[in-house]
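In case you want the letters, here they are:
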Amino acid sequence: MKSLFSALAGFLRRLGAPVSGALIGLGQGTRFLFAMLAASGTCLRRPGLVVREMYFVGVLSLIIIVVSALFVGMVLGLQMYETLQRFGSGDVVGMVVALALVRELGPVLAALLIASRAGSALTAEIGLMKTTEQLSAMEMMAIQPLSRVVAPRFWAGFLSVPLLTSVFNVVGIYGGYLVAVEGLGVDAGTFWSQMQNAVDFRLDVVNGIIKSLFFGAAIMLIAVYQGYQAAPTAAGVAMATTQTVVRSALIILGMDFVLTAFMFTGMGS
Amino acid sequence: MTTNGHSDNLVDMRKVDFAYGERAVLQDINMQVPRGRIVAIMGGSGSGKTTLLRLIGGQVKPSRGEVIVDGRSLAGLRNKEMFELRRTMGMLFQMGALFTDMNVFDNVAFQMRENTDLPEPLIRDLVLMKLHAVGLRGAWNLMPSQLSGGMARRVALARAIALDPTLIMYDEPFAGLDPISLAVVSRLIRTLNDALGATSIIVTHEKESLNIVDYVYLVSGGTIIAGGTPEEIQQTSDPYVRQFVDAQPDGPVAFHYPAPDYREMLGL
């Protein structure tokens, strides 16, 4: 009887440990978020700090965003045209490419790319600053690392994601244009007018940008939090960097489903 | 005596215990650092020396006891007051902890730009003076990655004294330095302390520091086991102190980490 109880207790413990671990992690992340928001006043007083980080997060991510968007748009144009052509509606390729990009592929792919290009870099940078005692040194100089190091990076990333997503959308559509119009001979006027008729600015473009705001907040929070709480060793920083990419990817895809369900269901009716 | 801010001791630790979670790091620490003096905290690696500095800087809180800095008990300070107090402290970190994304000049200027309203031309002059004091005025535009270990330590020292602190703390200032750099840094510590009228605490395991300090605390296993002037320490007959000063591998501090019987473990 006693051993049955202890087996049961052990089972419950094994069941409970990961759950409470996850809840503790969630709680710590939330507390970190509020502490960082409270420390964000510096970013308003000194926008230069944010602008400087936007260069690293945003401008330096431009190349990968532009190149990826171009190829995604070209592939979309090619695939869609081939399929649509079978039903004799190859002309609507412009509309399909644009809708796919602004609603889904733009926000999601841009966010995934930014998470792996900039998010991981932020985690590694903050983690190494912690490992080499730079954050500690700042604290001893009576300067809050949260307001001087963490918050500017968070806001810079948060602002960069929708901007990069817009660039992704535009370049992607241009990639589709190159393939469909220049390559496959779709009429340019039809390509653009079909797109103009079908894409609604408020429902499609703005919703896509709203998505990217959510993604930006999630990626950057994960990135700075992982860096800030990384174990101050080489292995710890490596682990935190990996976690940033993995968790960002999962959260982006999960959130995308939920946001899509809210934004785009019932639109056809 | 401790509330008027003019006590003879700049730092006063009373019956301080500290633990990281379950692991006790320091027990029953009583330590006084008189104003204007240089005090060394010596002891083996992992004996809790660095934690002592973090306690004085208010970065960690004691689990028992009281830390008093400049007449103020740290436990009662609010965050803002703690930050005010830290502006009167300078700290040299173990590996320098220079900001790797800024050059030497900006590293030294950092605290002046963040914490004061000094105009940029004045900051420029001050930074050059601090760099001149550590002999690196000519290196102002180098990045931390271009500096040797000894130079990085000196830049960090210039940064630590940027706002003329009344208390300067050094965490292993001599670790990994060649003999020349070591002599340079140790002389600088003495000169700067006396020139600034500051008080210094050096955490170290180098015997070299015995030449420049006024008082020594020996720490082992999380407690203070001896204290005295460098002469007293060098002449003592206390077995632990002798082992440390004479650098003997075995003695009261055992060479072997506690382990089961050797023959048993080898299955003999």
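Residue indices begin from 1 for each chain and proceed along its sequence in written order. For naming, the first written chain is A and the first written ligand is 1, with later ones following in the order written. Given that the model is predicted, a residue must reach a pLDDT of at least 70 before its local features are reported, and side-chain atom pairs must reach 80 or more before they are shown or counted; all residues, however, enter totals for whole chains, interfaces and linings. With hydrogens and water stripped out, all remaining heavy atoms of the structure feed into the side-chain values.

Participant: With reference to specific residues and values, describe the sheet that holds strand 2 (residues 23-34) of chain B.
Facilitator: Residues and elements named next belong to chain B. Following DSSP output, two strands are said to pair if at least two bridges run between them. Working definition: helices are DSSP H or I runs of at least four residues, strands are E runs of at least two. Numbering for both runs from the N terminus. Pairing within the open sheet is antiparallel, and its 4 strands lie in the order 2-1-4-5. The sheet is open, and its two edges are formed by strand 2 and strand 5 (72-73), each paired on a single side. As judged from the 2 bridges shared by strand 4 (residues 64-69) and strand 5, these two strands associate in the antiparallel manner. Pairing of Ile-68 across the sheet is with Ser-73, part of strand 5. On the sheet, helix 1 (residues 49-56) packs against strand 1 (9-20), strand 2 and strand 4 and is oriented at approximately 120° with respect to strand 1. Between two residues, a contact is recorded if the distance between any of their heavy atoms is within 4.5 Å. Think of each axis as a best-fit line through the C-alpha atoms, taken over the contacting stretch in the case of a helix, with angles from 0 to 180 degrees between the N-to-C directions.

Participant: Residues and numbers for the pairing of strand 9 (residues 215-220) of chain B, please.
Facilitator: All names here are of chain B. Here strand 3 (residues 38-43) pairs with strand 9 via 5 bridges, running parallel. Looking at the pairing, Met-42 lines up with Leu-218 of strand 9. Relative to strand 10 (residues 223-228), strand 9 is paired through 5 bridges, and the arrangement is antiparallel. Bridge assignment links Ser-220 to a residue of strand 10, and that residue is Thr-223. Here strand 9 hands over to strand 10 after 2 residues, with Gly-221 in that stretch at a positive phi of 55°.

Participant: An account of the interface of chain B and chain A is requested, with residue identities and associated values reported.
Facilitator: In this complex, chain B contributes 24 residues to the contact, which on the side of chain A involves 16 residues. Buried area between chain B and chain A, summed over both chains or domains, comes out near 1800 Å², and the portion from carbon and sulfur atoms is 56%. When a carboxyl oxygen of Asp or Glu lies within 4 Å of a side-chain nitrogen of Lys or Arg, that pair is called a salt bridge. Summed over the shared surface of chain B and chain A, the number is 3 salt bridges. Two residues, Arg-148 of chain A and Glu-114 of chain B, come together in a salt bridge whose shortest N-O distance is 2.6 Å. In protein, a polar contact means a hydrogen-donor-capable atom and an acceptor-capable atom, both N or O and within 3.5 Å, with residues adjacent in sequence counting only if both atoms are side-chain atoms; elsewhere, any N or O pair within 3.5 Å suffices. Inspection of the region where chain B meets chain A yields 9 residue pairs in polar contact (both at pLDDT 80 or more). Looking at the side of chain B that touches chain A, the elements with two or more residues in it are helix 2 (79-86), strand 6 (89-92) and helix 3 (104-115) of chain B. Element by element, the count of residues in the side of chain B that touches chain A is highest for helix 3 of chain B, at 4 residues. Here the term charged refers only to Asp, Glu, Lys and Arg, the term nonpolar to Ala, Val, Leu, Ile, Met, Phe, Trp, Tyr, Cys and Pro, and the term polar to all other amino acids, Gly among them. Broken down by class, the residue content of the side of chain B that touches chain A amounts to 11 nonpolar, 7 polar and 6 charged. The quantity reported as buried area is the accessible area (1.4 Å probe) lost by two parts once they are put together, taken as the sum for both.

Participant: Give a description of the sheet that holds strand 3 of chain B that names residues and reports values.
Facilitator: All names here are of chain B. If you walk across this open sheet you meet the 6 strands as 6-7-8-3-9-10, and the pairing is mixed. The open sheet has two edge strands, strand 6 and strand 10, and neither has a second partner. Adjacent strand axes in the sheet meet at a mean angle of 15° when their direction is disregarded. Relative to the sheet, helix 8 (residues 239-246) contacts strand 3, strand 9 and strand 10, its axis offset from that of strand 9 by approximately 105°.

Participant: A description of the side chain of Arg-153 of chain B should follow, citing residues and the corresponding values.
Facilitator: All names here are of chain B. Following the sequence through the fold, Arg-153 ends up in helix 5 (residues 149-160). Note on exposure labels: buried denotes an accessible area under 20% of the residue type's maximum, exposed denotes more than 50%, and partly exposed covers the range between, all computed with a 1.4 Å probe on protein chains only. Counting rule for charge: Lys and Arg are taken as positive, Asp and Glu as negative, and neither His nor the chain ends is counted. It turns out Arg-153 is buried and unbridged, and the closest side chain with the opposite charge, Glu-172, is 7.6 Å from it. In terms of polar contacts, Arg-153 uses its side chain to reach the backbone carbonyl oxygen of Glu-172, at 3.4 Å. Ignoring any residue separated from it by four or fewer positions in sequence, one finds Arg-153 in contact with Leu-92, Phe-93, Gln-94, Met-95, Gly-96, Glu-172, Pro-173, Phe-174, Ala-175 and Leu-177.

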